[in-house]
Amino acid sequence: MKILSVALATLLSAPQIRAFSSAAIIRSSSSSTSYLSPSVQSCSSSSTARKMSAVAEDSIVADAATNPLLQSDDLPKFSAIEPSQLTPAMQSILEKLESDFAAMESKLAESKESATFDEVLPALEKMQHPLGFAWGIASHLNGVKNSDELRSAYEENQPNIVKTSMKFSQSKPVYDALTAVQKGWESEESKDDDFVMLQKQRAVANSLRSMTLQGVGLEEGSPEQIRFNEIKLRSAELSTAFSNNVLDATKLFGLTVTDPKSVEGVPDSALAMWAQAHQQQMIKEASDEDEKKKLGEAEVDPKAGPWRITLDGPSYIAAMQHVPDRDIRKQVYIGYLTRASEFTAEKLESKETEKKEGAPGKDNVPIINEMLKLRKEVSGLLGFNNYAEQSLASKMAPDVQSIADL
C-alpha cells in the first residue's frame, strides 16, 4: 500500500494510470480560521463534513445507475463507457472524496496519538477506490482508444486529480497519525516472524517516505510549497502532452507499398493487416459517403495489395522482421525513431484547430528539456542535490555513485 502522486503516475504513463492503482493520500485544500475554540471548531467541521459526505454519496448512488465509471464494485464495463461520462464521474467522486477526507482529517486531529493502523491506511484505500477505478479506466482508454473527445475530457479533469492527490500526500494530520502508529509499534514487542505485522510496518514506512517525497514537509502556504505544487501540475501536463504527441505522430505516419516484390516472403497475416490498413485509409480520405460505402464494400486482396505500413506495434514489428526491401525498412525505422520530434512537429501542429496559450508543442525535445529542469527544481525543494538522489530514496541502491560504479 503506497501513497501515490497522480502527477507522477501520469508522468509515467499517461498513462499511463495505473494512475491510482495504489492507495493515495490526499487532504483538504486549505484550513480555515474561526473564532470557535479548537474543540468546538473540530466538532463543527466534522459534522459539516459528514453531512456533505452523505449528500455526495446519495448523488453518486444516483449517478452510478447510468454511469459505468461509477460502478466500481465489478469489472470495468468498457463497451458502455463514453467520453462524455468522464467529467460527471470525476465531479461526483471528487466531491465525496474531499468531504470524506475532511471528516477523516478532523477525526485524526482529535485522536492525535491514539490513531490505529486500521483507522488510517485501510480507511484511505477504501475511500479512494472509486477514484482509482474511474481514473485508471480513463487513463487506459486515453492510451489505447484515444479520440479528440476523450482527450479533451481527460485533459480537463487531470488538473483536479493532481490537485486532489497533492492534498492527500501533503496532509499533516495523516502524516502525524502514521508517525504515531509507527512510534507505537516501536514501543511494543512483536515477533520477527509476524508476517502480517511486518507488512503493516512496511506499508506505513513506505507511506511516510512517499509523503515526504511529495512535499508534506514543506510549510503550508509557503513559497516552496506553492512552487512545488505548480511544478507537479505542469509536470502532469507535460507528461500527457508527451504521450499525445507520440500517439499523434504514430497515427500520422503511413507508407504505401504497391510493388509485390517489395513484400515477397512476408507472412499472410501481415499482408492482410497492411491491405486492410490501406483500405481504411482510402475510406478515411474519401470525399463523399457513396465513395466511402463503395470502398468499404470492396474486397481486399492481401496478395495483390496495395499495402499500408504504419507505426502501430504489430505493423512496425512485422515490417522490420519480414520486409525484404531495405529502403522500406529504413523509411519505417526512421519514421519510428523521429516520432514527435522536430521532423514531425510542423505536420502535427498544422492539424491542430486550436492551441491553448502556454500549452506544450508537438516537438517532444523541448518537453523533455523542461521536464528535466522541473525535476531538478523539485529535488532542490525537497533537499536533494539532484533528481537521481531523489529517485534512489525509494530504491534499493544506496547512492548515485553506486549506480555509476555498477
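Residues numbered from 1 in each chain as written. Predicted model: local features only at pLDDT ≥ 70, side-chain atom pairs only at ≥ 80, totals over all residues. Heavy atoms only, no water.

### So, the overall build of the chain
Alright, step 1. Secondary structure summary: the chain contains 16 helices and two strands in total.
Alright, step 2. Split into buried and exposed, the 406 residues of the chain put 42% on the buried side. (Helix = DSSP H or I, 4+ residues; strand = E, 2+ residues; numbered from the N terminus. Buried < 20%, exposed > 50% of the residue type's maximum accessible area, 1.4 Å probe, protein only.)

### Focus on the side chain of S262
Alright, step 1. Note that S262 resides in the loop between β1 (255-257) and α9 (268-285).
Alright, step 2. What makes S262 buried here is its relative accessible area of 10%.
Alright, step 3. Separated by 3.4 Å, the side chains of S262 and D325 make a polar contact.
Alright, step 4. Not counting residues up to four positions away in its chain, the partners in contact with S262 are V257, V323, P324, D325 and I328. (Polar contact = N/O pair within 3.5 Å; in protein donor to acceptor, adjacent residues only side chain to side chain. Contact = heavy atoms within 4.5 Å.)

### As for a nonpolar patch on the surface
Alright, step 1. A cluster of nonpolar residues, Y333, I334 and L337, forms a patch on the protein surface that exposes about 290 Å² of accessible area.
Alright, step 2. Here L337 lies in helix α12 (residues 326-337). (Patch = residues over 30% accessible without salt bridge, like charges linked within 9 Å, V, L, I, M, F, W, Y side chains within 5 Å. Areas by Shrake-Rupley, 256 points an atom, 1.4 Å probe, with all protein chains shown as cover. Salt bridge = Lys/Arg side-chain N within 4 Å of Asp/Glu carboxyl O.)

### With respect to the packing of aromatic side chains
Alright, step 1. Counted by the stated rule, this structure contains four aromatic pairs.
Alright, step 2. Taking 4.2 Å as the distance between ring centres and 25 degrees as the angle between the ring planes, the aromatic pair formed by F101 and F168 counts as stacked. Placement of the pair is F101 in helix α3 (residues 86-111) and F168 in helix α5 (residues 148-169), with a sequence separation of 67 residues.
Alright, step 3. Overall, the relative accessible area of 0% leaves F168 in the buried class.
Alright, step 4. Ring geometry for F117 versus W185: centroids 5.8 Å apart, planes at 35 degrees, classification tilted. On the criterion of sequence distance, the pair formed by F117 in the loop between α3 and α4 (121-144) and W185 in helix α6 (residues 172-186) is long-range, its members being 68 residues apart. With respect to burial, F117 and W185 carry one shared label: buried.
Alright, step 5. Positioned above the aromatic ring of Y336 is the side chain of R339, whose terminal nitrogen or guanidinium carbon lies 3.9 Å from the ring centre. (Phe/Tyr/Trp six-rings, centres within 6.5 Å; stacked < 30°, edge-to-face > 60°. Lys NZ or Arg CZ within 6 Å of the ring centre and 35° of its normal.)

### Here's the deal with α12
Alright, step 1. Here α12 is twelve residues long and its end C-alpha atoms lie 16 Å apart, about the 16 Å a rise of 1.5 Å per residue gives.
Alright, step 2. If you check which residues of α12 are buried, you get I328, V332 and G335. Projected down its long axis, α12 carries its buried residues within an arc of 60 degrees, all on one side. Across from the buried face of α12, at angles greater than 90 degrees, the exposed residues are R326, K330 and L337.
Alright, step 3. The opening residue of α12 is D325, an N-cap whose side-chain oxygen sits 2.9 Å from the backbone nitrogen of D327. (Expected span 1.5 Å × (residues − 1). Arc of directions from axis to C-beta.)

### Thoughts on the confidence of the model for the chain
Alright, step 1. On average, residues of the chain score 83 in pLDDT, and 83% of them reach the 70 mark or higher.
Alright, step 2. Note that residues 1-52 has pLDDT below 50 and, in this model, 125 contacts with residues that lie over four places away or in other chains. (pLDDT = per-residue confidence, 0-100.)

### Looking at the packing of helix α8 (residues 223-252) against helix α13 (residues 342-350)
Alright, step 1. Packing of α8 against α13 leaves a shortest axis separation of 10 Å and a crossing angle of 85 degrees. Overall, the two elements α8 and α13 adopt an arrangement that is roughly perpendicular. The residues of α13 that touch α8, namely those facing N245, D248, A249 and L252, are T344, K347 and L348.
Alright, step 2. Classifying every residue of the contact of α8 with α13 by side-chain character gives three nonpolar, two polar and two charged. (Axes fitted to C-alpha atoms, helices over the stretch in contact; angles between N-to-C directions. Parallel < 35°, antiparallel > 145°, perpendicular 65-115°, else oblique. Nonpolar A, V, L, I, M, F, W, Y, C, P; charged D, E, K, R; others polar.)

### A few points about the nonpolar core
Grouped burial of nonpolar side chains is what soluble globular proteins tend to show.
Alright, step 1. The biggest cluster of nonpolar side chains holds 42 residues, and the ones touching the most others in it are M90, V120, L131, W135, V174, L178 and V204.
Alright, step 2. Mapped by element, the contributors of at least two residues to this core are α3, α4, α5, α6 and α7 (195-213).
Alright, step 3. Here V204 is in contact with F117, L121, L178, V181, Q182 and W185, once residues within four sequence places are set aside.
Alright, step 4. Counting residues in hydrophobic clusters, the runner-up holds 18 residues, among them L271, I309, Y316 and V332. (Core = buried A, V, L, I, M, F, W, Y, C linked by side-chain atoms within 4.5 Å.)

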